[in-house]
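# Overview (structure and organization)
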Amino acid sequence: MAHNKKEILSGWGNIPNSACEVEYPTTAREIQRKVAEADEILSRGKGRSYADQATNDGQRILKMEKLNHFLDFDESKGILTCEAGVTLEDIIYYFVPRGWFPLINPGTKFVTLGGAIANDIHGKAHHVDGSFVNSVVYFTILLADGTILKASRAENSDLFWANFGGLGLLGTILTVSLQLRKIETTYFTQKSIVANNLAEMLAAIDEADDKYSYSVAWIDSLAQGKNFGKGVLIVGNEAKLSDLTGKEKKEPLKRGGKSKITVPFYMPSFSLNKFTVSILNKVLYVKQKGGTGLAHYDSFFFPLDMINDWNRGYGKNGFIQYQFVVPEEGGKESIHKILDAITKSGCVPFLNVLKKFGAGESGHLSFPMKGYTFAIDFPITSKLKDFTKKLDKMVLDAGGRIYLGKDAYLDEATFKAMYPQYKEWVAVKQKYDPKGVFKSDIAKRIGLV
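A quick note: this is a predicted structure, and the numbers were derived from the prediction, not measured.

### Section: the overall build of the protein
When helices and strands are tallied, the protein shows 14 helices and 20 strands. Here the C-alpha atoms of the protein give a radius of gyration of 21 Å, agreeing with the 22 Å that 2.2 N^0.38 yields for 449 residues. Expressed as lengths along the three principal axes of its C-alpha atoms, the size of the protein is roughly 60 × 55 × 45 Å. For the protein, the proportion of its 449 residues judged to be buried stands at 59%. Accessible surface computed for the protein: about 18,400 Å², of which carbon and sulfur atoms make up 53%. Computing the positive centroid from 58 side-chain charges and the negative centroid from 50, the protein places the two 4 Å apart.

Right under this line is the structure:
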């Protein structure tokens, strides 16, 4: 039987605090029974969405972490089939020694495959590989009426596309079949490119896209004047055996280790202020400038995973990660205006990441579009919510949108203006979950249920 208890759940930003009835199913049959009993229900992975994506205050939550078994692997094609509670970390640990790696990698490996679909995750190679949908062959999903369907591009295709970015609101994903990438090594050849201002940075990003599969920039969002938007662009490609020397060549498929560093408690809320962040920015600038050479996948893809519970560093009040994308046409001007507003806002930005998205197939509510995407961490303060409303309007006016997988404050009207295709998604929701059994806090906030 599934274990069941009241738990206070939040997102990775330590917000909100929702008291939920939590269950830990181990079989599809258990899930069928729990869905049949519930007026409202939602599945949850590792809780790495940032706010209320995987909470539903007062209602039933199915934690999927025990459905984490590998089911089949086609070595000739690199296609892995497994339960939806499997994480990218699980795949990396067991398949790296065999020369395989996940195709799409976000900033953390501690995400389940179900969560990866629900948020249609992306990484620093979107301009080459697209978002997570590009790696999925098919999945099986348990619907509100207890039916289990297979969904792919050819079979139940409406259900397939609507689930990518669909925030887990169409059913409980049970199994996933996905394409892995064949690798020679677990290393990357990377290069640091210093940009003295935002114009230089955006030009460097454009130029790098044709030469490098991976590209991500760190911006000093407190810099002003002639250094406004200065930062470091890190670009890279997969390292081949011929690129390795010394100890790396002796163990080309080296796995990463478990982190031994933990933030043991919530930092005081006053510890991240303009002064401390400016010092941290100087340290990051020096560190990023030195990022040329060989890099292991842990430092290349998942640098923050090296610190357990790093989210506690923002204090008990929590934080948001505000990520938006604006279209390529006019995008540079839009990024400039929005970054200028951030530097003058009085809300202290930290850990700022700028990337460029390419074109690519996506679901109705998938976030990426061809253009520039910027992600900024903000510690929660009394003025932050009002400031994000100002940012929302600037993003909307630029023809852009907010990443629902990280959003904390978006309202219904702005969401529907940013995602006009939500109507197509709602039609799929009404077809497969007409009574609205699968609900979440964000779904209620932005009018999806």
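### Some details on the packing of helix α10 (residues 331-343) against helix α11 (residues 384-397)
It is at 10 Å that the axes of α10 and α11 come closest, and there the two elements cross at 170°. As summarised for this structure, α10 and α11 are arranged roughly antiparallel, according to the angle between their axes. Across the interface between the two elements, Lys337, Ile338, Ala341 and Ile342 from α10 touch Phe387, Leu391, Met394 and Val395 from α11. Classifying every residue of the contact of α10 with α11 by side-chain character gives seven nonpolar, no polar and one charged.

### What to know about the pairing of strand β17 (residues 319-327)
Of all the nine residues making up β17, eight are buried; the element is thus mostly covered by neighbouring parts of the structure. Examined bridge by bridge, β17 and strand β19 (residues 371-379) share nine bridges and lie antiparallel to one another. Across the sheet, residue Tyr322 finds its bridge partner in β19, namely Ile376. Relative to strand β20 (residues 401-402), β17 is paired through two bridges, and the arrangement is antiparallel. Paired with Val325 across the bridge in β20 is Arg401.

### Observations regarding helix α6 (residues 198-208)
Every buried residue belonging to α6 is among Leu198, Met201, Leu202, Ala204, Ile205 and Ala208, and all of these are buried. Each buried residue of α6 sits inside an arc of 160° when the element is viewed along its axis, so together they form one side. Buried positions along α6 lie against β11 (187-195), β12 (214-219), β13 (231-238), α10, β18 (350-357) and β19. Two to three positions downstream of the cap, the backbone nitrogen of Ala199 sits 3.2 Å from a side-chain oxygen, assigning the N-cap of α6 to Asn197.

### Quick notes on the side chain of Asp52
You can see Asp52 is positioned in the loop between β3 (41-44) and β4 (60-63). One polar contact links Asp52 to Arg445, side chain to side chain, over a distance of 2.9 Å.

### Here we look at the pattern of salt bridges
Oppositely charged side chains are able to pair whenever their charged atoms sit close together. Counted under the stated rule, the structure contains 28 salt bridges. Here Lys6 and Glu21 are joined by a salt bridge, their closest N and O atoms 3.9 Å apart. Placement of the pair is Lys6 in strand β1 (residues 3-9) and Glu21 in strand β2 (residues 18-24), with a sequence separation of 15 residues. We classify Lys6 as exposed; its relative accessible area is 53%. The partner of Lys356 in a salt bridge is Glu328, and the shortest N-O contact between them spans 2.9 Å. Residue Lys356 is located in strand β18, and its partner Glu328 is located in the loop between β17 and α10; the two are separated by 28 residues in the primary sequence. Judged by its relative accessible area of 11%, Lys356 falls in the buried class. Among the charged side chains, a salt-bridge network with shared partners connects Asp206, Glu328, Lys332, Lys356 and Lys370.

Cut-offs and rules
Residues numbered from 1 in each chain as written. Predicted model: local features only at pLDDT ≥ 70, side-chain atom pairs only at ≥ 80, totals over all residues. Heavy atoms only, no water. Helix = DSSP H or I, 4+ residues; strand = E, 2+ residues; numbered from the N terminus. Rg over C-alpha atoms; globule rule 2.2 N^0.38 Å. Buried < 20%, exposed > 50% of the residue type's maximum accessible area, 1.4 Å probe, protein only. Areas by Shrake-Rupley, 256 points an atom, 1.4 Å probe, with all protein chains shown as cover. Lys, Arg positive; Asp, Glu negative; His and termini not counted. Charge placed at Lys NZ, Arg CZ, Asp CG, Glu CD. Axes fitted to C-alpha atoms, helices over the stretch in contact; angles between N-to-C directions. Parallel < 35°, antiparallel > 145°, perpendicular 65-115°, else oblique. Contact = heavy atoms within 4.5 Å. Nonpolar A, V, L, I, M, F, W, Y, C, P; charged D, E, K, R; others polar. Pairing = 2+ DSSP bridges. Arc of directions from axis to C-beta. Polar contact = N/O pair within 3.5 Å; in protein donor to acceptor, adjacent residues only side chain to side chain. Salt bridge = Lys/Arg side-chain N within 4 Å of Asp/Glu carboxyl O.

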